[in-house]
Amino acid sequence: MTWGDTIYLLPEIVISIGACLLLIAPVMRRGGGVVRASGAPSGGGARTAKWTMLAILVLTAVAVIASSGLVADVAQTKTFASMFALDSFAIFFKLLFIATMAMLVLLSDDYLAASRYSAWEYYSLLSFALCGMMFMVSGVHLAAIYIGLELLSLSSYILAGYFKNELKSTEAAMKYFVLGTVSSAILLYGISLIYGVTGTLNLMRIADAMSTLVTNDALMFGIMLLGAGLCFKIAAAPFHVWTPDVYEGAPTPITAFLSTASKSAAFAIFARIFYVGMHHFRLDWQVVLAIIAALSMIIGNLAAITQDNIKRMLAYSSIGHAGYVLLGIISVSEMGLYGVLVYSVVYVFATLGIWATVLMLSKHEYAGEQVSDFEGLHRRAPLWAFAMIIFLLSLGGIPPTAGFIGKYFLFYAAVGAGFGWLAIVAVLMSAVSMFFYFRIVMAMYLRDGDGQAEVVSSGGLKLVAAICLVVTLLFGILPGPLVEQAKISGGWVAKRVAANNAQR
Amino acid sequence: MPSTAQYLMLSATLFAIGIVGVIIRRNMITVLMSIELMLNAVNINLVAFSHRLADLQGQVFTIFVITVAAGEAAVGLAIMIQLYRLRSTVNVDEVKTLHG
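Keep in mind that what you see is a predicted model, and the values were worked out from it rather than measured.

Conventions adopted
- Residues numbered from 1 in each chain as written.
- Chains lettered and ligands numbered in written order.
- Predicted model: local features only at pLDDT ≥ 70, side-chain atom pairs only at ≥ 80, totals over all residues.
- Heavy atoms only, no water.
- Phe/Tyr/Trp six-rings, centres within 6.5 Å; stacked < 30°, edge-to-face > 60°.
- Helix = DSSP H or I, 4+ residues; strand = E, 2+ residues; numbered from the N terminus.
- Buried < 20%, exposed > 50% of the residue type's maximum accessible area, 1.4 Å probe, protein only.
- Polar contact = N/O pair within 3.5 Å; in protein donor to acceptor, adjacent residues only side chain to side chain.
- Contact = heavy atoms within 4.5 Å.
- Axes fitted to C-alpha atoms, helices over the stretch in contact; angles between N-to-C directions.
- Parallel < 35°, antiparallel > 145°, perpendicular 65-115°, else oblique.
- Nonpolar A, V, L, I, M, F, W, Y, C, P; charged D, E, K, R; others polar.
- Buried area = accessible area lost by both parts, 1.4 Å probe.
- Salt bridge = Lys/Arg side-chain N within 4 Å of Asp/Glu carboxyl O.
- Patch = residues over 30% accessible without salt bridge, like charges linked within 9 Å, V, L, I, M, F, W, Y side chains within 5 Å.
- Areas by Shrake-Rupley, 256 points an atom, 1.4 Å probe, with all protein chains shown as cover.
- Core = buried A, V, L, I, M, F, W, Y, C linked by side-chain atoms within 4.5 Å.
- pLDDT = per-residue confidence, 0-100.
- Disulfide = S-S within 2.5 Å.

(A) Looking closely at the packing of aromatic side chains. Residue and element names in this part refer to chain A. Tallied over the entire structure, the rule returns 25 aromatic pairs over all chains. Between Tyr157 and Tyr176 the ring centres are 5.1 Å apart and the planes differ by 85°, which places this aromatic pair in the edge-to-face class. A residue pair is termed long-range when its members are at least 10 positions apart, and Tyr157 in helix H5 (residues 142-160) and Tyr176 in helix H6 (residues 167-198) qualify at 19 residues. The exposure class of Tyr157 is buried, given its relative accessible area of 0%. Both rings, one in Tyr157 and one in Phe177, keep their centres 5.4 Å apart while their planes meet at 80°; by these two values the pair is edge-to-face. A residue pair is termed long-range when its members are at least 10 positions apart, and Tyr157 in helix H5 and Phe177 in helix H6 qualify at 20 residues. Neither residue differs from the other here; Tyr157 and Phe177 are each classed as buried. Three or more aromatic residues joined by ring pairs make a cluster, and in this case those are Tyr111, Tyr117, Tyr122, Tyr123, Tyr162 and Phe163.

(B) Representation of the side chain of Gln307 of chain A. Residue and element names in this part refer to chain A. Along the chain, the position of Gln307 falls in the loop between helix H12 (282-305) and helix H13 (310-330). Using a relative accessible area of 12% as the deciding quantity, one classes Gln307 as buried. Only 3.5 Å separates the side chain of Gln307 from the side chain of Arg312, close enough to count as a polar contact. Setting aside anything within four residues of it in sequence, one finds Gln307 in contact with Arg312, Met313, Tyr316, Val371 and Arg439.

(C) Summary view of the packing of H5 of chain A against H6 of chain A. All names here are of chain A. Closest axis-to-axis distance for the H5/H6 pair is 8 Å, and the angle between their directions is 170°. Compared by their axis directions, H5 and H6 come out roughly antiparallel. For the pair formed by H5 and H6, the contact residues are Leu142, Tyr146, Leu149, Glu150, Ser156, Tyr157 and Ala160 on the first element and Ser169, Ala173, Tyr176, Phe177, Gly180, Thr181, Ser184, Leu187, Leu188 and Ile191 on the second. Here the contact of H5 with H6 is composed, by residue class, of eleven nonpolar, five polar and one charged.

(D) Broad picture of the interface of chain A and chain B. Facing 41 residues of chain A, the contacting portion of chain B comprises 40 residues. Buried area between chain A and chain B, summed over both chains or domains, comes out near 3600 Å², and the portion from carbon and sulfur atoms is 77%. Contact with chain B buries area across many residues of chain A, yet Met174, Tyr189 and Tyr195 of chain A alone supply 19% of it, more than any other trio. Between the two partners, chain A and chain B, sit zero salt bridges. In this assembly, chain A and chain B are joined by six residue pairs in polar contact (both at pLDDT 80 or more).

(E) The arrangement of the packing of helix H4 (residues 119-138) of chain A against helix H10 (residues 252-259) of chain A in detail. All names here are of chain A. In the contact formed by H4 and H10, the axes pass within 13 Å of each other and the chain directions differ by 5°. Between H4 and H10, the angle falls in the class roughly parallel. On the side of H4, the interface is formed by Tyr122, Leu126, Ala129 and Met133, while H10 contributes Pro253, Ile254 and Phe257. Across the contact of H4 with H10, the residue classes tally to seven nonpolar, no polar and no charged.

(F) Up close: the environment of Asn501 of chain A. Residues and elements named next belong to chain A. The residue Asn501 is located in helix H20 (residues 480-503) in this model. Put simply, Asn501 and Ser211 are 290 residues apart on the chain and 8.9 Å apart in space, counted from C-alpha to C-alpha. The contact partners of Asn501, leaving out residues within four places of it in the chain, are His279 and His280.

(G) Examining a nonpolar patch on the surface more closely. All names here are of chain A. A surface patch of nonpolar side chains, amounting to about 410 Å² of accessible area, comprises Leu21, Leu23, Ile24 and Met28. With respect to the helices and strands, Ile24 occurs in helix H1 (residues 10-29). Take Ile24: its relative accessible area is 46%, and that puts it in the partly exposed class.

(H) Local environment of the environment of Leu203 of chain A. Within the element layout of this structure, Leu203 of chain A appears in helix H7 (residues 203-211). Non-local contacts of Leu203 of chain A, meaning those with residues more than four positions away in its chain, are made with Val140, His141, Leu142, Ile145, Arg272, Ile273, Val276 and Gly277 of chain A.

(I) Looking closely at the nonpolar core. Counting 224 residues, the largest nonpolar core has Leu107, Tyr123, Phe257, Phe274 and Phe374 of chain A as its most contacted members. At 20 residues, helix H14 (residues 334-361) of chain A tops the list of elements feeding residues into this core.

(J) Broad picture of unusual backbone geometry. Residue and element names in this part refer to chain A. In this structure, Pro238 follows Ala237 across a cis peptide bond, with omega equal to 0°. Locating Pro238 in the fold gives a position in the loop between helix H8 (217-234) and helix H9 (242-249). The step from Pro399 to Pro400 runs through a cis peptide bond, and the omega angle for that step is 5°. By the secondary structure assignment, Pro400 is in the loop between helix H16 (382-396) and helix H17 (402-416).

(K) Region of the structure containing the pattern of salt bridges. All names here are of chain A. Tallying each qualifying case throughout the model produces ten salt bridges over all chains. Of the charged contacts in the structure, one is a salt bridge between Asp109 and Arg47, with a shortest N-O distance of 2.8 Å. Here Arg47 lies in helix H2 (residues 43-68) and Asp109 lies in helix H3 (residues 88-114), a separation of 62 residues in the sequence. Its relative accessible area of 7% is what places Asp109 among the buried residues. Assessed through its relative accessible area of 34%, Arg47 is described here as partly exposed. Between Lys175 and Glu171 there is a salt bridge, and its shortest N-O distance comes to 3.0 Å. With Lys175 and Glu171 both in helix H6 and four residues apart, this pair spans about one turn of that helix. You'll find Lys175 and Glu171 in the same group, each marked buried. The network of salt bridges with common partners includes Glu171, Lys175, Asp245, Glu248 and Arg312.

(L) Highlighting the confidence of the model for chain A. Residue and element names in this part refer to chain A. Chain-level pLDDT for chain A is 88 on average; 92% of the residues reach the 70-or-more range. Summarising per-element confidence for chain A, the mean pLDDT is lowest in strand E1 (residues 78-79) (66) and highest in H5 (95). Scored below 50 in pLDDT, residues 32-43 shows 17 contacts in the model against residues more than four places distant or in partner chains.

(M) A look at the state of the cysteines. All names here are of chain A. If you walk through the whole model with that rule in mind, you get zero disulfides over all chains. Cysteine Cys131 is unpaired, with the sulfur of Cys20 as its nearest cysteine sulfur at 9.2 Å. Assessed through its relative accessible area of 8%, Cys131 is described here as buried.

If you want it as structure tokens, here you go:
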């Protein structure tokens, strides 16, 4: 490693400095006075914080694009003792995270301004979480991935409890913290066993070591514990129990964050660790993950039917979506990788659009969260109701929305890998999911609302919904560019693995 | 000099005690201590393997795990203090506003 290598870390450096800046800025503004997190409403301050955060995100995106110019140089993409790779796969996800984060800032704006809590610390924590996500998708070493994951998790625990005078929010933080740290410990125990057997923590070298090993109990135990920890992070059944409670109790923009950015980061590392590191032992873990995927799809989609709280319904639906993405990881094929990449994008945009609609209805802290709040929405806000239908169709995987393209890749990959039964379960459960998605559509169009939930749409929410709508429809009708990019980014990882296997 | 297997037994025992503690104890402070126990079991594993493999990566990783554990304890205690302010209890069972 030389000092010149730090250029690869440029985006992470920019966002870290930005996060620290957001933390100290209010102190500087008040001449070194004490900042009270629950002080007076900080109307003007919240707006300044928003623009500062957006500026930092733009700078980070520029840094990612600038550093992506270096990707062409294959030999140089692994730096810091082979811990950190700035490859096409990482850049794909980094840009997705930055875009998601920018939309989350627009979603949080009014919600925060109406609350009593400081916007500066909130955006600072979001920036640290973004730094963790960017670091972990670049990690090609289990220690680097773990540190990124913990930075994301610790920020998320605090953000879940950000409305600290609300019991619901604090309770959500407590549940998330206890279950999250236990799962991290389980994941770490798995890592320690894998290290003990293979003698390395680098994913590529783990794969090398595994290619010469026969199945061995300690190693299998390690892989299973690592998988269990990761399944918790993506909220796959039976490790999903925290999801509905945390999603319901957390402030709504944070629920949006947990169900989009944080989840797709976990998908990315899950795919990278298992595709790059564990592919030699796939026959041993594929079946276990297939059962977990089937359970997630069945439990998630069936439990969602009976939910009346929209945050809980979306929590169960997101458990089902974790099951779909697992199909791509189980298949251990290039097609599966493309599926994970495409589905992450599709899922993030459709879900963010739905959260924008939910936030439009929630006037203050926990209002507008029942399915009944959507009643008669087509008369009060026809465009929002229409957009909501498109997002729900996309999550259900109906053409011509982008969700169809994502599911097509994942199901195709599962069939190609010999998991036809799993694809059948996935298709059936997609049909079940349309049932509860249409409960919302029915409430919006067929029931006359008494208008309990007031429609308060701001420019930021409209912009987010418009972007999500355009992306969802555009990639549904013209999937070409997204699929091409996924093939380049996923293909990069696949090529490196194939080249490494051919070398020996 | 104990063998690696003995260290692994110790670490597995500590990890099991930690998991059982998280599951059966209702006091949040004890739960936090159990989580720390699980992380330290991992550290023993990593250092034992590191010594056996004559490879420093495991020991370096241990330093990181200790750092993260400190951060986790800080966040956990902060959440706990807030919970105590709102409910005057740190018993996990008595906090159940969210159904599920």
